[in-house]
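# Reading the structure
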Amino acid sequence: MTEPQQNKDEASKPLIKKCTYCQEMKPLTDFQRRTGRRAGPYSRRGPCRSCRGLAPQERAATSAPSGEETNPSAAPVTQHSLEANTAAHSLQASLPMEAQRPRRKPVTDKARERHRQRVRHLLSRLKPADTRALRLNRNGMIRLRGKTDQGRRWHQEIELDLAMTLVRERMAVIVNPYTVRRLYSNKEFRQYVLKRDRYTCFFCGGYGDTIDHLLPRAKGGHTTPVNCVCACNECNQVKAARDVDEFIESGVPQPSPDDFEAPDNPDASEGTLHT
């Protein structure tokens with residue numbers, strides 16, 4: 001059956017759907033539409049709009065079988081649990097935002113230095129690759145190719161020194177003597193560095209979600225795994241174009257105690273390092 005004929009058959013059917021939570025037959029307009037390239041005009045999500053706004057406990061009570069609803073001993077327990085959950089949510093909403101934020105343990109100088117040693121150890125595992133196979137093309141350049149965040153392929157010509165730096169610092173690999181390929185897109189490279197450093201600022205030890213260059217780009221540094229570390233927004237702005245040792249000796253800003261904890265990411269381990 002072709003797709004236009006299928007859509008025509010679906011249009012002739014009554015536009016109703018059963019909710020996965022309340023098990024009631026409701027109009028199709030009570031359900032949210034699915035998104036995506038393959039979502040058809042009649043593709044709708046499982047729960048209705050009213051059930052999607054309920055808490056998990058209320059969903060379980062709504063989707064309970066009819067035999068449990070007729071049991072008189074189970075009804076007071078369910079009602080009591082719903083009242084307790086409602087009171088807890090109202091109490092949490094009445095608290096100020098500062099009281100709801102999880103407190104982070106103070107970061108000591110020893111912990112900062114231990115984190116820096118771990119990152120330096122990971123960077124030392126990125127052994128420089130051999131670049132003696134590179135050759136200049138007829139234009140006296142090296143071809144660099146890669147992909148954008150959307151998956152589109154691109155290519156450009158760069159100088160030999162830059163190509164050798166990208167290969168040595170594990171940002172690119174040699175495809176043939178005249179071409180190198182970039183390993184990461186911009187988004188993939190950012191996620192790689194953040195996971196490698198466990199979302200921890202290299203300088204202050206707080207939660208970091210930006211990338212900073214150890215050797216600033218103003219002084220010849222490049223965006224490579226060896227030259228980039230995770231940093232918080234404040235340290236990234238204060239450091240600016242200074243060297244690492246100069247910035248640490250001048251005094252690193254202390255992380256705020258009201259910062260959120262770094263997310264527990266099981267993938268952020270040494271196993272995520274590609275050598």
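Look a little higher up for the structure.
Residues numbered from 1 in each chain as written. Predicted model: local features only at pLDDT ≥ 70, side-chain atom pairs only at ≥ 80, totals over all residues. Heavy atoms only, no water.

## Thoughts on the overall build of the protein chain
Assigned secondary structure in the protein chain consists of 11 helices and 10 strands. Within the protein chain, residue pairs in contact and separated by at least 24 positions form 58% of the contacts whose partners lie at least 6 positions apart. For the protein chain, the accessible surface area stands at approximately 18,100 Å², while carbon and sulfur atoms represent 50% of it. (Helix = DSSP H or I, 4+ residues; strand = E, 2+ residues; numbered from the N terminus. Contact = heavy atoms within 4.5 Å. Areas by Shrake-Rupley, 256 points an atom, 1.4 Å probe, with all protein chains shown as cover.)

## Observations regarding the side chain of threonine 210
Summarising the element assignment, threonine 210 is placed in strand 9 (residues 210-213). Residue class for threonine 210 comes out buried when judged on its relative accessible area of 18%. For threonine 210, the side chain forms a polar contact with the main-chain oxygen of alanine 231, separated by 2.6 Å. Here the side chain of threonine 210 touches asparagine 236 through a polar contact of 3.3 Å, side chain to side chain. The residues touching threonine 210, leaving out its near neighbours within four places in the chain, are Leu194, Val229, Cys230, Ala231, Cys232, Asn233 and Asn236. (Buried < 20%, exposed > 50% of the residue type's maximum accessible area, 1.4 Å probe, protein only. Polar contact = N/O pair within 3.5 Å; in protein donor to acceptor, adjacent residues only side chain to side chain.)

## Details of the sheet that holds strand 6 (residues 153-158)
Either a parallel or an antiparallel arrangement is found when strands of a sheet pair, and the pairing is made through backbone hydrogen bonds. The strand order across the open sheet built from four strands is 6-5-8-7, with neighbouring strands paired in mixed fashion. The two strands at the open ends of the sheet, each matched to only one other strand, are strand 6 and strand 7 (172-176). Pairwise comparison of adjacent strand axes, ignoring direction, gives a mean angle of 30 degrees for this sheet. Sheet topology places strand 5 (residues 142-147) next to strand 8 (residues 179-182); three bridges connect them, and they run parallel. Paired with arginine 145 across the strands is arginine 181, a residue of strand 8. (Pairing = 2+ DSSP bridges. Axes fitted to C-alpha atoms, helices over the stretch in contact; angles between N-to-C directions.)

## Here's the deal with the nonpolar core
One finds Val180, Cys201, Phe202, Phe203 and Cys235 to be the most contacted residues of the largest nonpolar core, which totals 31 residues. Counting only elements with at least two residues in this core, the list comes to helix 7 (109-124), strand 5, helix 8 (160-168), helix 9 (186-196), strand 10 (228-231) and helix 11 (244-250). For this core, the element with the most residues is helix 8, which contributes four residues. When near neighbours in sequence (up to four residues on either side) are disregarded, valine 180 contacts Leu134, Ile142, Arg143, Leu144, Arg145, Val167, Ala172, Val173, Ile174 and Val175. Counting residues in hydrophobic clusters, the runner-up holds five residues, among them Cys19, Cys22, Phe31 and Cys51. (Core = buried A, V, L, I, M, F, W, Y, C linked by side-chain atoms within 4.5 Å.)

## What about the layout of surface pockets?
Size it by volume and the second largest pocket reaches roughly 270 Å³. Around the second largest pocket, the lining is made up of 14 residues, and of these Arg145, Gly146, Lys147, Arg153 and Arg181 lie nearest the centre. Listed by contribution, the elements that provide at least two residues to the lining of the second largest pocket are strand 5, strand 6 and strand 8. A total of four residues in the lining of the second largest pocket trace back to one element, the largest contributor, which is strand 5. Of the residues contributing to the lining of the second largest pocket, the split by class is three nonpolar, four polar and seven charged. (1 Å grid on protein atoms, 1.4 Å probe; cavity = no way out; pocket = protein on both sides within 12 Å on 5 of 7 lines; lining within 4 Å. Points joined across faces, edges and corners; volume = space filled by probe spheres on them. Nonpolar A, V, L, I, M, F, W, Y, C, P; charged D, E, K, R; others polar.)

## Description of helix 7
Taking 1.5 Å of rise per residue, 16 residues should cover 22 Å, and helix 7 covers 22 Å from first to last C-alpha, within 8% of that figure. Within the span of helix 7, buried status applies to Arg112, His115, Arg116, Arg118, Val119, Leu122 and Leu123. One side of helix 7 carries all its buried residues, which in axial view fall inside an arc of 160 degrees. For helix 7, the exposed residues set more than 90 degrees away from the buried face come down to Asp109, Lys110 and Arg114. Buried positions along helix 7 lie against helix 9, strand 10 and helix 11. (Expected span 1.5 Å × (residues − 1). Arc of directions from axis to C-beta.)

## Overview of the side chain of threonine 179
Tracing the chain through its elements places threonine 179 in strand 8. Beyond its immediate stretch of four places on either side in the chain, threonine 179 contacts Arg143, Arg145 and Ile174.

## Some thoughts on the pattern of salt bridges
Applying the stated criterion to the full structure yields seven salt bridges. Between arginine 116 and glutamate 113 there is a salt bridge, with its nearest N and O atoms 3.6 Å apart. Here the residue arginine 116 and the residue glutamate 113 both occupy positions in helix 7, the gap between them amounting to three residues, near one helical turn. What makes glutamate 113 partly exposed here is its relative accessible area of 34%. The closest approach of N and O atoms between aspartate 197 and arginine 196, which form a salt bridge, is 3.0 Å. The class of aspartate 197 is buried, set by a relative accessible area of 0%. One salt-bridge network, in which partners are shared between bridges, spans Glu113, Arg116 and Arg120. (Salt bridge = Lys/Arg side-chain N within 4 Å of Asp/Glu carboxyl O.)

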